[in-house]
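# Working through the structure, step by step
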Amino acid sequence: MDSAALAFTRAFYLALAIGRTVKDSFEIGRQAVACSPSVPLPDVEMKKFVLLPENGDHDYPVFDAIALPEWPKPSSDAQQQMFGSVGVPRRNLLRKSMAKKGSSRQADGGGGNSSLPADNHLPTPPQGFLGREVEMYLLLNAVLDRRLVNLVGPTGMGRSSLAAALCHYVHDRKADMRIDNIFYVRARQTRRSQPLSAILSPLHKQLVAAGMVVPQPTAYDMDEVANSILKALHSDRSLIVLDRIEVMEGSEDAAELPLFLNNLFRQTRYARVLLTANAPLNLSSFGGVGEHIEELGPLNLKNTVKLFGILCRHVCTAEERKNLLEAIVNQEEEDMCVSDASLSSPSRDVFARLGDGIPARVFDVAYQITAEEYQSLKEGR
């Protein structure tokens, strides 16, 4: 399982890195799996790891270096080469300069945050995020292959959660996926007179934090903000996520969004955009870029019950979650969704009682269900 692999990998490579032998590191990794609270059936999972060849000599360290009493300090020449030599990219110099400004503002008691990392704003997926492996795979491939992807689904289906999970997945592999920065903006309604300020202002602040643009003065024009954003992203391999754009429906911001996307794709070389919305934008193209639609549907039966078991206060242990799953999920139907015509009546009843596989409804049911209702669900009454 992924959770077991993660627990093992962290412990195994850390042990190797500090000079432990392969044999010792392997056993440390297995024990990390056995003790991990996030691994179901840890005693079973730890036994799946095998050190090969079985009769080989693994009693040696991979990293066998002399311990340093103190990390050597770089010379002034080395520092000059790192930070001050001719040919250093302008973005690095700008980032360093703005980091100094942010530090001086904080020292003076200000609230400057220019030295923050570029991706510190990424939202965390909610508790119990699961069952979206296939959707994640399809969405990832779409984002890597196309410049404009719209993740479509009704409210509560988990669009924002999937987008957040994708961002963290990509963030950990940015170099391999040729993505430099990820900017995540959650759309909101605004009463400001300047159009698209609810999107452009937070996006600009994130670019400032990344050291890619300079802060705007107190009085500024939104067109100037938009132009600075487009210039900063001109050659940057960035992924821009605009989440829940349906909240702008009927506003001036909604009318201006296609124009911004049109300018973005025409004036940047690599920028990609991931939208989450209730419906497609239904426009032929944006600056020569077509809209690719990915639809998000409900969880299947097994994952609906698993999510409920993780969230429900009446289910306290992994064993109880396992028993609940076995009691109300037919293995032949565990991969089915509520829309499957061949779904049996008992399974359809489970779906209905747990929110039809819509994650937001499963959350509500899990937090509101009484002990008597839970017992009735478990017994199929």
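For the structure given in this document, a descriptive report is provided here. Since the structure is predicted, the reported quantities are computational estimates derived from the model, not experimental observations.

## Quick look at the overall build of the protein
From N to C terminus, the protein includes 16 helices and five strands. For the protein, with 381 residues in total, the buried portion stands at 40%. Long-range pairs, those at least 24 residues apart, make up 71% of the contacts in the protein between residues at least 6 apart in sequence.

## A short note on helix H10 (residues 222-232)
Those residues of H10 not exposed but buried are Met222, Val225, Ala226, Ser228, Ile229, Leu230 and Ala232. Capping the start of H10 is the job of one residue whose side-chain oxygen sits 2.9 Å from the backbone nitrogen of Asp223: Asp221.

## A closer look at the sheet that holds strand S4 (residues 272-277)
Backbone hydrogen bonds hold the strands of a sheet together, and the pairing may be parallel or antiparallel. Ordered in space as S2-S3-S4-S1-S5, the five strands form an open sheet in which the pairing is parallel. Lying at the two open borders of the sheet, with one neighbouring strand each, are strand S2 (181-186) and strand S5 (292-295). Across the sheet, the mean angle separating the axes of adjacent strands is 15° when strand polarity is ignored. Bridge count for S2 against strand S3 (residues 238-243) is six bridges, and the pairing is parallel.

## Overview of the pattern of salt bridges
Tallying each qualifying case throughout the model produces eight salt bridges. The partner of Arg132 in a salt bridge is Glu135, with the nearest N and O atoms 3.3 Å apart. Here Glu246 ties to Arg159 by a salt bridge, and the two come within 2.9 Å at their closest N and O atoms. Of this pair, Glu246 sits in the loop between S3 and helix H11 (252-267) while Arg159 sits in helix H7 (residues 159-171), and the two are 87 residues apart along the sequence. Overall, Glu246 belongs to the buried group, its relative accessible area being 16%. Overall, Arg159 belongs to the buried group, its relative accessible area being 5%.

## Concerning the side chain of Thr21
Structurally, the position occupied by Thr21 is in the loop between helix H1 (2-17) and helix H2 (22-35). A relative accessible area of 13% means that Thr21 is categorised as buried. Here Asp24 takes part through its backbone nitrogen, which lies 3.0 Å from a polar atom of the side chain of Thr21. Aside from chain neighbours lying at most four places away, what touches Thr21 is Leu16, His58, Asp59, Tyr60 and Pro61.

## Some thoughts on the nonpolar core
Across soluble globular proteins, nonpolar side chains have a tendency to be buried as a group. Ranked by size, the top nonpolar core spans 35 residues in total, and within it Leu200, Leu242 and Val273 carry the most contacts. Elements with a minimum of two residues in this core: S2, helix H9 (197-209), H10, S3, H11 and S4. With six residues, H10 is the single largest residue contributor to this core. Discounting residues that sit within four places of it in the chain, Val273 has contacts with Arg147, Leu148, Val149, Ile240, Leu242, Leu261, Leu264 and Phe265. Formed by 24 residues, the second largest nonpolar core is a distinct cluster that contains Leu122, Val170, Val241 and Ile358.

## Details of the environment of Ala279
Considering the arrangement of structural elements, one finds Ala279 in the loop between S4 and S5. A C-alpha to C-alpha distance of 9.2 Å links Ala279 and Glu295, two positions 16 residues apart in sequence. Setting aside anything within four residues of it in sequence, one finds Ala279 in contact with Asn150 and Val152.

## Some remarks on unusual backbone geometry
Residue Pro53 follows Leu52 across a cis peptide bond; omega there is -10°. Looking at where Pro53 falls in the secondary structure, it is placed in the loop between helix H3 (42-46) and helix H4 (76-83). Within the chain, Arg244 stands out as a residue other than glycine whose phi angle is a positive 60°. Within the secondary structure layout, Arg244 lies in the loop between S3 and H11. Look at Arg244 and you get partly exposed, because its relative accessible area is 31%. Positive phi values are uncommon outside glycine, yet Asp356 reaches one of about 60°. Within the secondary structure, Asp356 is located in the loop between helix H14 (345-353) and helix H15 (359-368). For Asp356, a relative accessible area of 26% corresponds to the partly exposed category.

## A look at the pairing of S5
Side chains His292 and Glu294 project from S5 onto a buried face, and the interleaved Ile293 and Glu295 project onto a face without burial. As paired strands, strand S1 (residues 148-152) and S5 are joined by four bridges and run parallel to one another. Looking at S5, one finds that Leu151 is bridged to Glu294.

## Quick notes on H14
Ser347, Val350 and Phe351 are the residues of H14 that are buried. Looking straight down H14, one finds its buried side chains confined to an arc of 100°; they lie on one side. Facing away from the buried surface of H14 by more than 90 degrees, the exposed residues are Ser345, Pro346 and Ala352. Two residues or fewer after H14 comes Gly355, characterised by a positive phi angle close to 90°.

How each quantity is defined
Residues numbered from 1 in each chain as written. Predicted model: local features only at pLDDT ≥ 70, side-chain atom pairs only at ≥ 80, totals over all residues. Heavy atoms only, no water. Helix = DSSP H or I, 4+ residues; strand = E, 2+ residues; numbered from the N terminus. Buried < 20%, exposed > 50% of the residue type's maximum accessible area, 1.4 Å probe, protein only. Contact = heavy atoms within 4.5 Å. Polar contact = N/O pair within 3.5 Å; in protein donor to acceptor, adjacent residues only side chain to side chain. Pairing = 2+ DSSP bridges. Axes fitted to C-alpha atoms, helices over the stretch in contact; angles between N-to-C directions. Salt bridge = Lys/Arg side-chain N within 4 Å of Asp/Glu carboxyl O. Core = buried A, V, L, I, M, F, W, Y, C linked by side-chain atoms within 4.5 Å. Arc of directions from axis to C-beta.

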